Amino acid sequence: MRGFLILLVVAIGLVVGDRVGVAMAQDEIASKIATEYHLAQRPSVTIGGIPFLTQAVRGRYDDVEIRAGEWSDQGISVRDLDVTLTGVSAPLGDLLASRTSNLEASTATATALVPYDTVKGYAPSGVESISHSPDGVRVAGTFEVEGIPVPVPATVVVTVNPTADGIEVVPVSVQSAMGGPTISLAWLRQSLTFTVPLQKLPLGARLTAIEPEADGLRVTAVAQDVRFSDLP
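Since the model is a prediction, treat every value here as computed from it, not as a measurement.

Reading the values: rules and limits
- Counting of residues starts from 1 at the beginning of each chain's written sequence and follows it residue by residue.
- Only residues with pLDDT of at least 70 get local features here, since the model is predicted, and only at 80 or more are side-chain atom pairs given and counted; chain-wide, interface and lining totals rely on the full set of residues.
- Neither water nor hydrogens contribute to the side-chain values; these are computed over all heavy atoms in the structure.
- Helix numbers and strand numbers start at the N terminus; a helix is a DSSP run of H or I with at least 4 residues, a strand a run of E with at least 2.
- Note on exposure labels: buried denotes an accessible area under 20% of the residue type's maximum, exposed denotes more than 50%, and partly exposed covers the range between, all computed with a 1.4 Å probe on protein chains only.
- Polar contacts here mean pairs of N or O atoms no more than 3.5 Å apart (in protein, one a potential hydrogen donor and the other a potential acceptor; neighbouring residues in sequence count only if both atoms are side-chain atoms).
- The contact criterion used throughout is that any non-hydrogen atoms of two residues lie within 4.5 Å.
- Salt bridges are identified by distance alone: a Lys or Arg side-chain nitrogen within 4 Å of an Asp or Glu carboxyl oxygen.
- Directions from the helix axis toward the C-beta atoms define the arc.
- Two strands pair under a simple rule: DSSP has to find at least two bridges between them.
- What makes a nonpolar core is a set of buried Ala, Val, Leu, Ile, Met, Phe, Trp, Tyr and Cys residues whose side-chain atoms join them at distances within 4.5 Å.
- Confidence scores labelled pLDDT are given residue by residue by the predictor and lie between 0 and 100.

One can find T107 in strand β4 (residues 104-115). Residue T107 is classed as buried on the basis of its relative accessible area, which comes to 19%. There is a polar contact of 3.1 Å between the side chain of T107 and the side chain of Q224. Sequence-distant contacts of T107, defined by excluding residues within four places in its chain, comprise T84, L85, T86, V222, A223 and Q224.

Below is the structure:
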């Protein structure tokens, strides 16, 4: 019985030490991210994998989840920003000594929601609303028909694609108001194609995919070989 109690105490001590260690490491990573990206509040950080101490001893962690919420850069604000780091390398001694410059990750995958109001802020004049529909992203407004200076109400379905310059919005179909003149899609593409200059998310992750949702565009960005020492 005494031997069992000793083993139980040791096991509890290891579990407590494991949880204390992971909490300290998570807190330090959260502090680093909040400082580097001027976040209004500290992000939530979760280091995956159990036990933590086993990972800490080898300085290698399976994954780290970072939930940052809202984030702004160069005048563009996003919501629901989440970042997943995989293949994370960080000596425990550095984390506990508040040194995160040696932290590295094989891959950083970030996702965020770009509200339609934000997208609309970069649209040409005449665009009155941008919303999600079963057909895709729908742009409504009044547009000038080639050769006719009077704006014509119309609804346009657009595609959204990640490019080196940001989110490119391109018309793919147009429906003029009932009884109104026909608007040339080729002409409309010249006047209504525009780009939201969101080129990357934190940790240097560049856009790779965009999925329209009810409240905005869900963007995914990926970075390889991330080094905290390279952060601005």
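Now that the structure has been shown, we can carry on.
The subject of this paragraph is the pattern of salt bridges. Note on pairing: side chains with opposite charge can pair once their charged atoms come close. Tallied over the entire structure, the rule returns 5 salt bridges. The salt bridge involving R218 is made with D80; its shortest N-O contact spans 3.9 Å. Placement of R218 in strand β12 (residues 216-227) and of D80 in strand β3 (residues 76-89) is noted, with a sequence separation of 138 residues between them. For R218, a relative accessible area of 21% gives the class partly exposed. Note on D80: relative accessible area 38%, which makes it partly exposed. One salt bridge connects E213 with R218, and the closest N-O pair in it is separated by 3.4 Å.

Looking only at helix α5 (residues 185-192), the buried set comprises W187, L188 and L192. Seen along its axis, α5 keeps its buried residues to an arc of 110 degrees; they face one direction.

Attention now moves to the sheet that holds strand β2 (residues 60-73). Spatially, the 7 strands line up as an open sheet ordered β1-β2-β3-β4-β12-β11-β10, and their pairing is antiparallel. Each of the sheet's edge strands pairs with one partner strand only, and the pair in question is β1 (44-47) and β10 (200-201).

Right, let's get into the side chain of S133. For S133, the position within the fold is in strand β5 (residues 127-133). Classification of S133 as buried rests on a relative accessible area of 6%. At 2.8 Å, the side chain of S133 and the backbone oxygen of G136 are in polar contact.

What follows deals with the pairing of β3. Within a regular strand, the side chains alternate between the two sheet faces. Two strands pair when backbone bridges link them, and β2 and β3 are joined in this way by 11 bridges, in the antiparallel orientation. Among the inter-strand pairings, E65 is bridged to a residue of β3, identified as T84. Where β2 folds back on β3, the antiparallel hairpin that results is connected by 2 residues, among which Q74 adopts a positive phi of roughly 55 degrees.

Here we take up unusual backbone geometry. Of note in this structure, D80 is not a glycine but carries a positive phi near 55 degrees. With a phi angle near 50 degrees, D225 is a residue other than glycine that sits in the positive phi range. With respect to the helices and strands, D225 occurs in strand β12. Since its relative accessible area comes to 53%, D225 is described here as exposed.

Now for the nonpolar core. Grouped burial of nonpolar side chains is what soluble globular proteins tend to show. Counting 53 residues, the largest nonpolar core has L85, F143, I167, L198, L201, L217 and V219 as its most contacted members. Looking at this core, the element that brings in the most residues is β3, giving 6 residues. Ignoring sequence-local partners within four residues, the contact set of L201 consists of W71, L81, A110, T111, A112, V219 and A221.

As a further point, take the pairing of strand β11 (residues 205-212). In this structure, β10 lies alongside β11, joined through 2 bridges in antiparallel fashion. The residue of β11 that forms the bridge with K200 is R206. Adjacent in sequence and paired antiparallel, β10 and β11 are bridged by 3 residues, among which L203 carries a positive phi angle near 70 degrees. As consecutive antiparallel partners, β11 and β12 are separated by 3 residues.

This part is about the confidence of the model for the protein chain. For the protein chain, per-residue confidence averages 77 on the pLDDT scale, and residues scoring 70 or more make up 66% of the total. For the stretch residues 1-21, pLDDT sits under 50, and the model shows 7 contacts to residues farther than four places along the chain or on other chains.

Position of R60 relative to the elements: it lies in strand β2. Spatially, the C-alpha atoms of R60 and A90 are 6.3 Å apart, while their sequence positions differ by 30 residues.

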